[in-house]
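# Architecture and fold: a report
Letter by letter, the chains look like this.
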Amino acid sequence: MSNIILPKSWNMAENEATPESVYMDRRSFIKGTSLVTLATAASFYGCSMSPTPDPDTPIELTANEKRSYPAKRNKKYKLNRRMTEERVAASSNNFFEFSEIKSDPRYLAQRMETSPWEVEVNGLVNKPRTFNPDDFYKLMPVEERLYRFRCVEAWAMAVPWTGFPLKALIDLVEPKPSATHIAMTTFYKPFTAQGQLAFWRPWPYTEALTLEEAANELTFMALGIYGRPLPKQHGAPVRLVIPWKYGFKSIKSIVKIEVIDYQPPTFWNTVLPMEYSFEANVDPDVPHPRWPQTREKMIGTNAVRATQPYNGYGEYVAHLYT
Ligand SMILES: Nc1nc2c(c(=O)[nH]1)N[C@H]1C(S)=C(S)[C@@H](COP(=O)(O)O)O[C@H]1N2
Ligand SMILES: [Mo]
């Protein structure tokens, strides 16, 4: 049985890289997909396709956004590599709610309505509360940080995020002593986000961290990138960024944050647990069945770099795992 896709050469073009999903798709097709259900999904897809807005149309900023950009850069977080070009980062995205092809979310995600938007924060907290993105600009210590970012598919980028440490938000709602984890959820709108018609996947997308990981100074809630609010394909209006873990932990377009006392199921870990661990720390010494993890390719360039443990952030996080 060899339907596992073997890693390709290191000089592969960007668009040759197999997406996070290929293996599961085959298996689940064999398992349970009938032609009738496929045809039904396809016809829904066809009916609801409306023209997508142009991704290059400038976005009208709210008063709070005008005040907040450009945010002051926190000089503590330095890059040891060149910054990825804005256009490159915004044209190659993993956003499976919209498509499994990296060039699609730039266009298809423009159909997502991001205003109004609410983020519910509840669970084991003394002060549950619902926020909108404007509240974050008003209440949170918004700053810019340059972070490296590493996807499990062995590509990497280095980008300037604007946002705030998740810890500031957690502190505001006051977790109860029994809390151990936080769980985050993306929107569920299958008629806008047609990837969610893939009924064999555990939508909506969810991710989770231990409370200790969530409160680490590196764990960041991004509202913007490259000095402006997040384009939709990057996970507008608010997404997580965890620079020492593989990219799939950095959940996009968050609508719910729950403080809980158990390790919850998460999207990719449920789909393929042997490929996507819950912890998912970047680690060149833990091999992956499909992508060599010792090296990474910087998107938009031919640069290949050695992957570092914790993506180079060991000084901040290694103590969490000893
Ligand atoms: N809701 C949601 N969040 C998501 C994903 C997704 O498909 N849906 N993909 C993840 C993966 S695999 C990666 S590598 C990053 C990609 O972020 P970027 O497109 O902004 O570079 O988003 C992560 N967050
Ligand atoms: Mo990823």
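Refer to the structure presented above.
Residues numbered from 1 in each chain as written. Chains lettered and ligands numbered in written order. Predicted model: local features only at pLDDT ≥ 70, side-chain atom pairs only at ≥ 80, totals over all residues. Heavy atoms only, no water.

## Here we look at the site of ligand 1
What surrounds ligand 1 is a group of 19 residues, the closest being F96, E97, H234, S250 and K252. Take N94: an N or O atom from its main chain is 3.2 Å from a nitrogen atom of ligand 1. At a separation of 2.9 Å, a nitrogen atom of ligand 1 approaches a polar backbone atom of S250. Notes on ligand 1: free accessible area 530 Å², of which the protein chains cover 100%. Here the residues of the shell around ligand 1 sort into 9 nonpolar, 6 polar and 4 charged. (Near = heavy atom within 4 Å. Polar contact = N/O pair within 3.5 Å; in protein donor to acceptor, adjacent residues only side chain to side chain. Areas by Shrake-Rupley, 256 points an atom, 1.4 Å probe, with all protein chains shown as cover. Nonpolar A, V, L, I, M, F, W, Y, C, P; charged D, E, K, R; others polar.)

## Quick word on the side chain of T162
Following the sequence through the fold, T162 ends up in strand 4 (residues 155–165). Owing to a relative accessible area of 0%, T162 belongs among the buried residues under this scheme. Once you skip the residues sitting within four places of it in the chain, T162 turns out to touch Y69, A71, V142, E143, E144, F220, M221, A222, L223, G224, I225 and G227. (Helix = DSSP H or I, 4+ residues; strand = E, 2+ residues; numbered from the N terminus. Buried < 20%, exposed > 50% of the residue type's maximum accessible area, 1.4 Å probe, protein only. Contact = heavy atoms within 4.5 Å.)

## So, the packing of aromatic side chains
By the definition in use, this model includes 22 aromatic pairs. By the ring-pair criterion, three or more aromatic residues cluster together here, those being F96, W203, Y205, F248, F267, W268 and Y276. Of note, R106 hangs over the ring of Y107, and the distance from its end group to the ring centre comes to 5.9 Å. Above the ring of Y313, the side-chain terminus of R148 is found at 4.3 Å from the ring centroid. (Phe/Tyr/Trp six-rings, centres within 6.5 Å; stacked < 30°, edge-to-face > 60°. Lys NZ or Arg CZ within 6 Å of the ring centre and 35° of its normal.)

## Focus: unusual backbone geometry
That bond from S115 to P116 is cis: its omega, 0 degrees, falls within 30 degrees of zero. For P116, the position within the fold is in the loop between helix 5 (105–108) and strand 1 (119–123). In the segment running from A236 into P237, the intervening peptide bond is cis, with an omega of -5 degrees. Unusually for a residue other than glycine, Y226 sits at a positive phi of about 50 degrees. Along the chain, Y226 falls in the loop between strand 7 (220–225) and strand 8 (228–229).

## Concerning the nonpolar core
Grouped together as the largest cluster of nonpolar side chains are 76 residues, with contacts concentrated most on W161, L169 and M221. In this structure M221 touches T162, G163, F164, L166, L169, M184, V238, R239, L240, I254 and I257, once residues within four positions along its chain are discounted. (Core = buried A, V, L, I, M, F, W, Y, C linked by side-chain atoms within 4.5 Å.)

## Observations regarding the environment of A90
Here A90 is to be found in the loop between helix 4 (86–89) and helix 5. Not counting residues up to four positions away in its chain, the partners in contact with A90 are R106, Q233 and H234.

Note that all results are geometric; they support no functional claim without further evidence.
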